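Tertiary structure, described
Spelled out, the chains give:
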Amino acid sequence: MTTKPSFPADFLWGAATSAYQIEGSPLADGAGVSNWHRFAHRPGTIAHGDHGDTACDHYRRYEEDIQLMRELGLQAYRFSIAWHRIFPEGRGRLNPKGLDFYLRLADALNNAGIVPCATLHHWDWPAALDDQGGWAHRDSAQWFADYAHTLFRALDGRVKHWATLNEPWVIVHAGYIEGAHPPGVPAFAKAPHAAHNLLRGHALAVQAFRADGAGQIGLVVNLEPKFAASAKPEDQAALARSHAYMNRWFLDPVFLGGYPEEMADIFGADWPRFPEEDFKLIREPFDFLGINYYSRTVVRDEPANLPVRDARVRQRAEHTAMDWEVFPEGLKTCLTWVKQRYTTLPLYVTENGAAFADPPAVAGRVADPRRVAYLRDHLRAAHAALAEGVDLKGYFAWSLLDNFEWAHGYGKRFGLVRVDYPTGTRTPKDSARFYRRVIESRGAVL
Ligand SMILES: OC[C@@H]1[C@@H](O)[C@H](O)[C@@H](O)c2[nH]c(CCc3ccccc3)c[n+]21
């Protein structure tokens, strides 16, 4: 490092979580059954038979966790709101006690001088909505906008930084193509409709925010740079399909007004014709884009591998416990690609982090040197993007706490803070102490 990085004085340093992954108390205070509560209790869906009945018990321990955030020097905290606590059946009857938890959470964060950054939908929602067709049902867009509108009004003055959806791509790919997430049954032909309705819902929620909200609203997407395994035409074509499928499927419509042409190739006869007026709606302008970055993938042509007909070529490099390649420069690649192809909107890294097989706590310490190195190298890449003119406004480490890693259960630990189950004991890892020094020095320690 020739010159010490220095991030802007107003750069927002935070950490991120999501409701089902940390809260526990899935049915407390009148909450309805969520898709993830039902799915995680279906035998065989989650590693080790894990589920979110307790998770990090954050629903009850949120004040302790906010104290942890203060000790880490966090300036912001990205969390998600559990729809099924607000509308147990998805729409109609409001559950005041469910809403009250988020009022208390936002007040405690504001009192601690920590900016609350709320994501309206981070994959969990009332199971009743899946039973009514889920995101494949065209009305799901309005269900979401009505839910969002209620929250904009209820949290007005407490939350000023909103995101509509977390990673619509994962909701569609894992939920409708793979069946590894709820609704849990592969429904290939429904996937394009689910994607389209997620985008319509996002845009309708932004319109509701313009009418009744205050602050900033954005969309959070996962991006993963793709590289071809060779210059062979078939590998180059696989690259184009893979890149369109994961990185352009949602950003092309919101910023360019139409889906990538590769989608019709990928879905074939199952690729619908959507009404033109939908694309006008989906282009509703918003205030920032959140980018979740973890890794890159090198792909080759693989005709048997439907629907994208690509396959990952594992690289000779360090990999995390998720078997994701450690590739820090990919974060800069994502940030500069978005600026060059789509928009000069403010950008946030809304998730970046790694799971490693951390040792247990010894004398109040957890040595996680690989996570320290991962954060250091990715923050350097973020700074390089800033230096190239990307309007990067903040960074949220994934995650504040070790938590429920979806189908992987609790075996994959992403936290800056270790959580020991079932006691729930929190122990800041060395990476938490490192991150605090990064925040205090505005990056000078990198
Ligand atoms: O896996 C770590 C985190 C999850 O715990 C978050 O809830 C979720 O927002 C999130 N997204 C990603 C990257 C999306 C992705 C997953 C698998 C394959 C490709 C992309 C990683 N993570």
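Data block above holds the structure.
Below, the structure is looked at part by part. Within each chain, residues carry numbers counting from 1 in the order of the written sequence. With pLDDT at 70 or above as the cut-off, local features in this predicted model cover only qualifying residues; side-chain atom pairs require 80 or more to be listed or tallied, and sums for whole chains, interfaces and linings still use all residues. Neither water nor hydrogens contribute to the side-chain values; these are computed over all heavy atoms in the structure.

1. Some points on the overall build of the protein chain
The secondary structure content of the protein chain amounts to 16 helices and 13 strands. In terms of overall dimensions, the protein chain has a C-alpha envelope of 60 × 55 × 45 Å along the principal axes. When each of the 446 residues of the protein chain is scored for burial, the buried share is 61%. A separation threshold of at least 6 residues defines the contact pool for the protein chain, and within that pool the share at least 24 residues apart is 76%. Of the roughly 16,500 Å² of accessible surface on the protein chain, 51% is carried by carbon and sulfur atoms. Neither His nor the chain termini are counted; the positive set is Lys and Arg, and the negative set is Asp and Glu. Here the site of a charge means atom NZ of a Lys, CZ of an Arg, CG of an Asp or CD of a Glu. For the protein chain, the distance from the average site of its 50 positive side-chain charges to the average site of its 53 negative ones is 3 Å. We count a stretch as a helix when DSSP gives it H or I for four or more residues in a row; a strand needs E for two or more, and each element gets its number in order from the N terminus. Here's how the labels work: a residue is buried when its accessible area is under 20% of the maximum for its type, exposed when over 50%, partly exposed in between, all with a 1.4 Å probe on protein chains only. For this analysis, residues touch if any pair of their heavy atoms sits within 4.5 Å. Accessibility throughout is a Shrake-Rupley quantity obtained with a 1.4 Å probe, and a residue counts as covered only by protein chains that appear here.

2. Things to note about the packing of aromatic side chains
Here a pair means two rings of Phe, Tyr or Trp (six-membered ring of Trp) with centres within 6.5 Å. Their orientation is stacked below 30 degrees between planes, edge-to-face above 60, and tilted elsewhere. Scanning the model with the defined rule gives 48 aromatic pairs in all. Ring geometry for Trp125 versus Trp135: centroids 4.7 Å apart, planes at 5°, classification stacked. Here the residue Trp125 occupies a position in the loop between strand S3 (115-121) and helix H6 (127-131), and Trp135 occupies one in the loop between H6 and helix H7 (140-154), the gap between them amounting to 10 residues. Summarising the burial analysis for this pair, Trp125 and Trp135 share the class buried. In textbook terms, an aromatic cluster arises when at least three aromatic residues are bridged by ring pairs, as seen for Trp169, Phe188, Tyr245, Trp249, Phe250, Tyr259, Phe267, Trp271, Phe274 and Phe279. For a Lys NZ or an Arg CZ to count as sitting over a ring, it must be within 6 Å of the ring centre and within 35 degrees of the ring normal. Stacked on the ring of Phe227, the Lys or Arg Arg296 has its end atom at 4.9 Å from the ring centre. For the cation-ring pair, Arg296 lies above Phe327, with the distance from its terminal atom to the ring centre recorded as 4.0 Å.

3. A few points about the layout of surface pockets
Empty space among the atoms becomes apparent when a probe as large as a water molecule is rolled across them. Of the pockets and cavities examined, the largest pocket occupies roughly 1,200 Å³. Cavities and pockets were defined on a 1 Å grid built from protein atoms only: a cavity is a group of points that admits a 1.4 Å probe but offers it no way out, a pocket is an open group of points flanked by protein on both sides within 12 Å along at least five of seven lines, and a lining residue is one with an atom within 4 Å of any such point. As for the largest pocket, its lining consists of 44 residues, and the residues nearest its centre are Trp169, His173, Glu224, Met246 and Trp324. When contributions to the lining of the largest pocket are tallied by element, the ones reaching two or more residues are helix H8 (168-178), strand S5 (216-223), helix H10 (233-248), strand S7 (288-293), strand S8 (297-301) and strand S9 (310-312). Per-element accounting of the lining of the largest pocket gives the leading share, 6 residues, to H8. Per-class residue counts for the lining of the largest pocket are 22 nonpolar, 12 polar and 10 charged. Grid points are joined across faces, edges and corners, and a volume is the space filled by probe spheres set on the points. Taken as a whole, the second largest pocket spans an internal volume of roughly 180 Å³. Gly257, Gly258, Tyr259, Trp271, Pro272, Arg273, Phe274, Glu276 and Phe279 are the residues that line the second largest pocket. Each residue gets one label: Ala, Val, Leu, Ile, Met, Phe, Trp, Tyr, Cys and Pro are nonpolar, Asp, Glu, Lys and Arg are charged, and the others, such as Gly, are polar. Across the lining of the second largest pocket, the residue classes break down as 5 nonpolar, 2 polar and 2 charged.

4. Topic: the site of the ligand
Lining the immediate environment of the ligand, one finds 16 residues, of which Gln21, His122, Glu167, Glu351 and Glu405 sit closest. The definition of a polar contact used here is a pair of N or O atoms within 3.5 Å, where within protein one atom must be able to donate a hydrogen and the other to accept one, and adjacent residues in sequence count solely through side-chain atom pairs. Contact between the ligand and Gln21: an oxygen atom at 2.7 Å from a side-chain N or O atom of the residue. Interatomic distance of 2.9 Å between a side-chain N/O atom of His122 and an oxygen atom of the ligand. For the ligand, whose free accessible area comes to 480 Å², the fraction covered by protein is 85%. In terms of residue class, the shell around the ligand is made up of 8 nonpolar, 5 polar and 3 charged. One heavy atom suffices: a residue is near a molecule or strand as soon as one of its heavy atoms comes within 4 Å of it.

5. A closer look at the nonpolar core
As used in this record, nonpolar core signifies buried Ala, Val, Leu, Ile, Met, Phe, Trp, Tyr and Cys residues forming a set joined through side-chain atoms within 4.5 Å. Among the nonpolar cores identified, the biggest contains 127 residues, and Ile81, Trp135, Trp162, Trp249, Leu251 and Leu289 are the most heavily contacted of them. Trp162 has contacts with Ile81, Ala118, Leu120, Leu151, Phe152, Leu155, Phe209, Ala214, Gln216, Ile217, Gly218 and Phe288, leaving out every residue within four places of it along the chain. With 18 residues, the next largest nonpolar core counts Phe288, Tyr348, Ala354 and Trp398 among its residues.

6. Brief notes about the sheet that holds S5
The pairing criterion for strands is at least two bridges between them, as found by DSSP. Read around the closed barrel, 8 strands run S1-S2-S3-S4-S5-S7-S10-S11, paired in parallel fashion. Pairs of neighbouring strands in the sheet enclose a mean axial angle of 25°, with direction left out of account. By the bridge criterion, 4 bridges tie S7 to strand S10 (residues 347-352) in an arrangement that is parallel. Along S10, the bridge assignment pairs Gly290 with Tyr348. Axis definition: a line fitted to C-alpha atoms, limited for helices to the stretch in contact. Angles are taken between N-to-C directions and run from 0 to 180 degrees.

7. A short note on helix H5 (residues 96-111)
With 16 residues, H5 ought to run about 22 Å at 1.5 Å a step, and its terminal C-alpha atoms sit 22 Å apart, in line with that. Buried within H5 are the following residues: Gly98, Leu99, Phe101, Tyr102, Leu103, Leu105, Ala106 and Leu109. Those residues of H5 that are buried are in contact with helix H1 (19-22), helix H3 (58-72), strand S2 (76-80), helix H4 (83-86), S3 and H7. Gly113, located one to two residues past H5, shows a positive phi value of around 75°. To estimate how far a helix should reach, multiply one less than its number of residues by 1.5 Å.

8. Points about unusual backbone geometry
A cis amide bond, omega 0°, links Pro182 with the succeeding residue Pro183. Ser399 follows Trp398 through a cis peptide bond whose omega is 10°. One can find Ser399 in the loop between strand S11 (392-398) and strand S12 (417-420). One non-glycine residue, Glu167, lies in the positive phi region at around 50°. Take Glu167: its relative accessible area is 7%, and that puts it in the buried class.

9. Some details on the environment of Tyr147
Positionally, Tyr147 belongs in helix H7. Residues Tyr147 and Trp83, 64 residues apart in the sequence, show an inter-C-alpha distance of 7.5 Å. Beyond its immediate sequence surroundings of up to four residues, Tyr147 is in contact with Ile81, Ala82, Trp83, Ile86, Phe87 and Leu120.

10. Considering empty space enclosed by the protein
The full count for this structure, using the stated rule, is 5 cavities of 30 Å³ or more. Along the walls of the largest cavity sit Asn35, Trp36, His121, Trp123, Trp125, Asp130, Trp135, Ile171, Tyr176, His181, Pro182 and Pro183, which together make up its complete lining. Tallied by class, residues from the lining of the largest cavity come to 8 nonpolar, 3 polar and 1 charged.

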